[in-house]
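# Secondary and tertiary structure notes
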Amino acid sequence: MATKFLERTNAWLESALDALSPASCAACAGPCGGKRPFCVTCGDPTPAPAWELEGVPLVTAGVYRAPLESAIGRFKFGGHSELSRALARLLAPRIRPFLFDPVAFVAVPLHRSRLVERGYNQSALLAARLTRELGGRAEPRALERVRSTDQQARLGRDARTENVRDAFRARPGLVPPRVVLVDDVVTTGATARACLKALKDAGSEVSLVAALASV
Ligand SMILES: [Zn+2]
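Since we're looking at a predicted model, the values are computed, not measured. (Residues numbered from 1 in each chain as written. Predicted model: local features only at pLDDT ≥ 70, side-chain atom pairs only at ≥ 80, totals over all residues. Heavy atoms only, no water.)

### Side note on the overall build of the protein
For the record, the criterion: Think of it this way: any DSSP run of H or I at least four residues long counts as a helix, any run of E at least two long counts as a strand, and we number them from the N terminus. Here's how the labels work: a residue is buried when its accessible area is under 20% of the maximum for its type, exposed when over 50%, partly exposed in between, all with a 1.4 Å probe on protein chains only. Contact between two residues is taken to exist if any of their heavy atoms lie within 4.5 Å; hydrogens are not considered. A 1.4 Å probe and the Shrake-Rupley method give the accessible areas. Residues count as covered only by the protein chains that appear here.
The helix and strand inventory of the protein stands at seven helices and eight strands. Counting every position in the protein, which comprises 215 residues, the buried fraction comes to 46%. Sequence separation of at least 24 residues holds for 71% of the intrachain contacts in the protein that already meet a minimum separation of 6. When the accessible surface of the protein is split by element, carbon and sulfur atoms take 54% of a total near 11,500 Å².

### Focus: the packing of helix 3 (residues 83-95) against helix 5 (residues 122-134)
Counted only if it meets this: Between N-to-C directions, angles span 0 to 180 degrees; the directions come from axes that are lines fitted to C-alpha atoms, helices contributing only their stretch in contact. By the definition adopted for this analysis, an angle is roughly parallel if under 35 degrees, roughly antiparallel if over 145, roughly perpendicular if from 65 to 115, and oblique otherwise. Helix crossings fall into two classes, left-handed where the near helix is turned counterclockwise from the far one by less than a right angle and right-handed where it is turned clockwise. For this classification, Asp, Glu, Lys and Arg are treated as charged, while Ala, Val, Leu, Ile, Met, Phe, Trp, Tyr, Cys and Pro are nonpolar and the rest, including Gly, are polar.
Orientation of helix 3 relative to helix 5, taken along the N-to-C sense of each, is 60°, at an axis distance of 9 Å. Relative to helix 5, the element helix 3 lies oblique. The two elements helix 3 and helix 5 meet at a crossing, and its hand is right-handed. Along the contact surface, helix 3 presents Ser84, Arg85, Leu87, Ala88, Arg89, Leu91, Ala92 and Ile95, while helix 5 presents Leu125, Leu126, Arg129, Leu130, Glu133 and Leu134. Residue composition of the contact of helix 3 with helix 5, grouped by class: nine nonpolar, one polar and four charged.

### A closer look at the environment of Val185
If you trace the backbone, Val185 turns up in strand 7 (residues 178-186). The exposure class of Val185 is buried, given its relative accessible area of 15%. Considering only alpha carbons, one finds Val185 and Ser214, 29 residues apart in sequence, at a separation of 5.5 Å. Beyond its immediate sequence surroundings of up to four residues, Val185 is in contact with Tyr64, Ile72 and Ala213.

### Examining the pairing of strand 2 (residues 56-60)
Which entries qualify depends on this criterion: DSSP calls a pair of strands paired once it identifies at least 2 bridges connecting them.
Taking burial as the measure, the five residues of strand 2 include four buried ones, the bulk of the element. The sheet contact formed by strand 1 (residues 51-53) and strand 2 spans three bridges and is antiparallel. Along strand 2, the bridge assignment pairs Glu52 with Pro57. Linking two consecutive strands that pair antiparallel, namely strand 1 and strand 2, is a turn of two residues; a positive phi of about 50° is found at Glu54 within it. Bridge analysis of strand 2 against strand 8 (residues 205-214) gives three bridges, and the strand direction is parallel. Paired with Thr60 across the bridge in strand 8 is Ala211.

So, in structure tokens, the structure goes:
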């Protein structure tokens with residue numbers, strides 16, 4: 001009862017803030033009209049081709065280049081955690097056709113040291129926001145990163161796979177039977193594949209991988 005009331009209050013506050021604050025572009029922070037996440041100059045993301053990881057469909061908001069690349073950079077490295085909202089709204093329509101009931105969103109986890117450094121896990125924020133757009137629940141503790149890995153961006157394809165091998169573990173009792181895995185950027189898919197394996201080993205079925213962008 002109290003939860004429902006809080007949800008309704010939050011939704012009301014958000015629409016009030018929408019009406020009061022001028023929207024800014026997720027990529028360049030310039031003025032941006034209406035409910036669109038990007039301004040006219042930045043334009044819309046380029047749709048990414050359909051892709052599968054270990055037989056699991058992957059959906060994204062677009063290709064990892066402007067304007068998505070700038071928006072994700074601000075979200076992930078620029079401290080703009082509030083962009084989770086605009087980016088979740090962009091991704092939600094791509095996920096909707098694959099939804100099942102009940103849906104559980106599980107984010108690719110950060111290692112504790114990186115979480116401390118950044119202050120938040122961008123994929124976990126996105127997963128939480130997606131529940132607001134699509135319903136269902138987020139299970140932020142289902143996966144843990146058991147060892148710190150080198151930044152994937154610095155590595156080649158084979159090194160990436162090796163780098164994340166056995167880096168993730170599912171927490172017993174916290175893994176939903178069917179999940180949507182949430183990631184930020186899928187490059188070679190090595191990280192998402194390692195998470196898929198950890199979830200599968202724990203008896204979970206992953207119906208969809210949803211990422212903000214793919215290369
Ligand atoms: Zn812009």
